[in-house]
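Observations on the model geometry
Now for the letters of each chain:
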Amino acid sequence: MNGIKNVFADRWGIVGVGIMIGIIAPLLQKWGNPGNMGVCVACFERDIAGALGLHRADVVQYIRPEIIGFVLGSLAAAYLFREYRPRLGSAPIVRFVLGVFAMIGALVFLGCPWRAALRLAGGDGNAILGLLGLIFGIWIGTLLLKGGYNLGRTRPTHHTAGWMLPLFMAGLLLLMLVFPQLTGEAKSGVLFYSMKGPGSMHAPLAVSLVAGLLIGFLAQRSRFCTMGAIRDFLLFRQMHLLSGFIALVVTAFVVNFILGQFKPGFEGQPVAHTMHIWNFAGMTLSGLAFCLAGGCPGRQLFLAGEGDGDAAVFVMGMIVGAGIAHNFGLASSPTGVGPYGIPAVFIGFAVCLFIGLTMRKSMT
Amino acid sequence: MAKTIDARGLSCPQPVLMTLDEIKAGKADEIIITVDNDAAKENVSRAAVSRGWIVADIGEKEGVFGITIKKGN
């Protein structure tokens, strides 16, 4: 294509990255990550919030090295290809709030768009409701975009500002090395570790970190985004990002099948519940929030790695949102939605629509 | 007639929406879009090509890209 030199940004580049993620994620499950959770940005940020004690749900506490890798891999790619551009100032507090509600919606469903895809590829029928909700939420977002919604312009800023989230991630890695998981101990230094549940299931640190770095690097180059995939198709009938997302699902399905991890059904799926309406509505809220914030949770990490301070604020919103979701009973569990999950979804819709309907056009 | 669009500081989909709006308006046969991130540069180029326009030139100066697109035949 004329004027585009980045090989990862062409059709086969994005499909190749989707295939890579589709291979790596089920393998991470085989190597220890929870079922249909080879990579889940929302779940993993929730686990990080737990490891730091921002919530005390003792089954979901672990500093997930994949997330650290996503940011640092993207940072490396951005520097290597001279795309590191520190920038800030496009309604950061609004992005924080969107991050909070994106996480709350994701924890009502039990997964982000990445995990929705992996759950589908693992045979979890409940993921169909989640993906339909995701599409519906993004569709609402595209209507708001057509109505002139935008969060305003960013400005170039100091290099240091762009380094805040990568440094935070490097700090988390350092904490893991200083306070490693101890057998039979729920706490090591300042970090909480799960003794049971999904938080106790993880691939070895080095494997998770390398997988994260690789995905972060490739995703920065290809601009891989699960929300953008659906948004661009709805908005412009543009198949580019969608082809990468579809490649991920198809590949993960094939790899799951080969590894014997494909188990079709609705009942008894790993870290999932069968309340269809709330699977749908949770992901609708999440999809709307991601659309209003301009990227899926993975893309926000990759953007933060290339210096986007507003994306970094969104990530912090998601981590804090996880704390709120678990402290106040908003998060679902395999038995169903939490005691306050349903009202939280309604509040989330109200907040997102308020933002989407009132923040229009002024771009100066 | 040449039109210019300042999409600096905006991330997708805004630069693409602005470009497509201008293409749809049908008045311009040449549009110069300025963006300041690589993803926007690629997306604007891709969107223009998908509407049958030609990417005539992409210039860069201090992290700002000027993309010149022209109406195809």
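Source: prediction; values computed, not measured.

Take the overall build of chain B next. For chain B, the count of helices and strands is 2 helices and 4 strands. Element order for chain B, N to C, with α for helix and β for strand: β-α-β-α-β-β. If one aligns the C-alpha atoms of chain B with their principal axes, the spans along those axes are about 30 × 20 × 20 Å. In chain B, buried positions account for 53% of the 73 residues. Contacts in chain B between residues far apart in sequence, at least 24 positions, make up 61% of those at least 6 positions apart. Entry remark: accessible area of chain B is about 3,300 Å², with carbon and sulfur atoms responsible for 46%. Charge-centre separation for chain B: the mean point of 10 positive side chains lies 7 Å from the mean point of 11 negative side chains.

Each side of the interface is counted separately: chain A has 22 residues, and chain B has 29 residues. Across the contact surface, chain A and chain B share 3 salt bridges. Here Asp38 of chain B and Arg85 of chain A are joined by a salt bridge, their closest N and O atoms 3.0 Å apart. Put simply, chain A and chain B have 8 residue pairs in polar contact (both at pLDDT 80 or more) between them. For the side of chain A that touches chain B, the per-class residue count stands at 8 nonpolar, 8 polar and 6 charged.

Okay, the state of the cysteines next. Residues and elements named next belong to chain A. Taken as a whole and judged by the stated rule, the model has 1 disulfide over all chains. Each disulfide pairs two cysteine sulfurs, and for Cys40 the partner residue is Cys43, the sulfurs being separated by 2.3 Å. Residues Cys40 and Cys43 share a disulfide whose torsion about the S-S bond is about 65°; that sign makes it right-handed. Side by side, Cys40 and Cys43 carry an identical accessibility label, which is buried. Counting only cysteine sulfurs, Cys296 is the nearest neighbor of Cys225, a cysteine outside any disulfide, at a range of 4.0 Å. For Cys225, a relative accessible area of 5% translates into the label buried.

Taken together, Met239, Ile246, Val250, Phe253, Val254, Phe257 and Ile258 of chain A make up a surface patch of nonpolar side chains, about 650 Å² in accessible area. Within the fold, Phe253 of chain A resides in helix α11 (residues 240–259).

Another aspect to go through is the confidence of the model for chain B. In the predicted model, chain B carries a mean pLDDT of 93, and the fraction of residues at 70 or more is 100%. With pTM at 0.96, the complex prediction returns an ipTM value of 0.93.

Attention now goes to helix α6 (residues 126–146) of chain A. Taking 1.5 Å of rise per residue, the 21 residues of α6 of chain A would be expected to cover 30 Å, and the 31 Å separating its terminal C-alpha atoms lies within 8% of that figure. In the segment just after α6 of chain A, Gly148 of chain A is the residue with positive phi, at about 100°.

Moving on, we come to the packing of helix α4 (residues 92–109) of chain A against helix α14 (residues 309–327) of chain A. Residue and element names in this part refer to chain A. Relative to each other, α4 and α14 sit at 45°, their axes nearing to 6 Å. When the axis of α4 is compared with that of α14, the two are oblique. For the element pair α4 and α14, the recorded crossing hand is right-handed. Note on element contacts: α14 touches α4 through Asp310, Val313, Phe314, Met316, Gly317, Met318, Val320, Gly321, Ala322, Ile324, Ala325 and His326, opposite Pro92, Arg95, Phe96, Leu98, Gly99, Val100, Ala102, Met103, Ile104 and Leu107. When its residues are assigned to classes, the contact of α4 with α14 shows 16 nonpolar, 4 polar and 2 charged.

Parameters at a glance
- Residues numbered from 1 in each chain as written.
- Chains lettered and ligands numbered in written order.
- Predicted model: local features only at pLDDT ≥ 70, side-chain atom pairs only at ≥ 80, totals over all residues.
- Heavy atoms only, no water.
- Helix = DSSP H or I, 4+ residues; strand = E, 2+ residues; numbered from the N terminus.
- Buried < 20%, exposed > 50% of the residue type's maximum accessible area, 1.4 Å probe, protein only.
- Contact = heavy atoms within 4.5 Å.
- Areas by Shrake-Rupley, 256 points an atom, 1.4 Å probe, with all protein chains shown as cover.
- Lys, Arg positive; Asp, Glu negative; His and termini not counted.
- Charge placed at Lys NZ, Arg CZ, Asp CG, Glu CD.
- Salt bridge = Lys/Arg side-chain N within 4 Å of Asp/Glu carboxyl O.
- Polar contact = N/O pair within 3.5 Å; in protein donor to acceptor, adjacent residues only side chain to side chain.
- Nonpolar A, V, L, I, M, F, W, Y, C, P; charged D, E, K, R; others polar.
- Disulfide = S-S within 2.5 Å.
- Patch = residues over 30% accessible without salt bridge, like charges linked within 9 Å, V, L, I, M, F, W, Y side chains within 5 Å.
- pLDDT = per-residue confidence, 0-100.
- Expected span 1.5 Å × (residues − 1).
- Axes fitted to C-alpha atoms, helices over the stretch in contact; angles between N-to-C directions.
- Parallel < 35°, antiparallel > 145°, perpendicular 65-115°, else oblique.
- Left-handed = near helix turned anticlockwise from the far one by under 90°.

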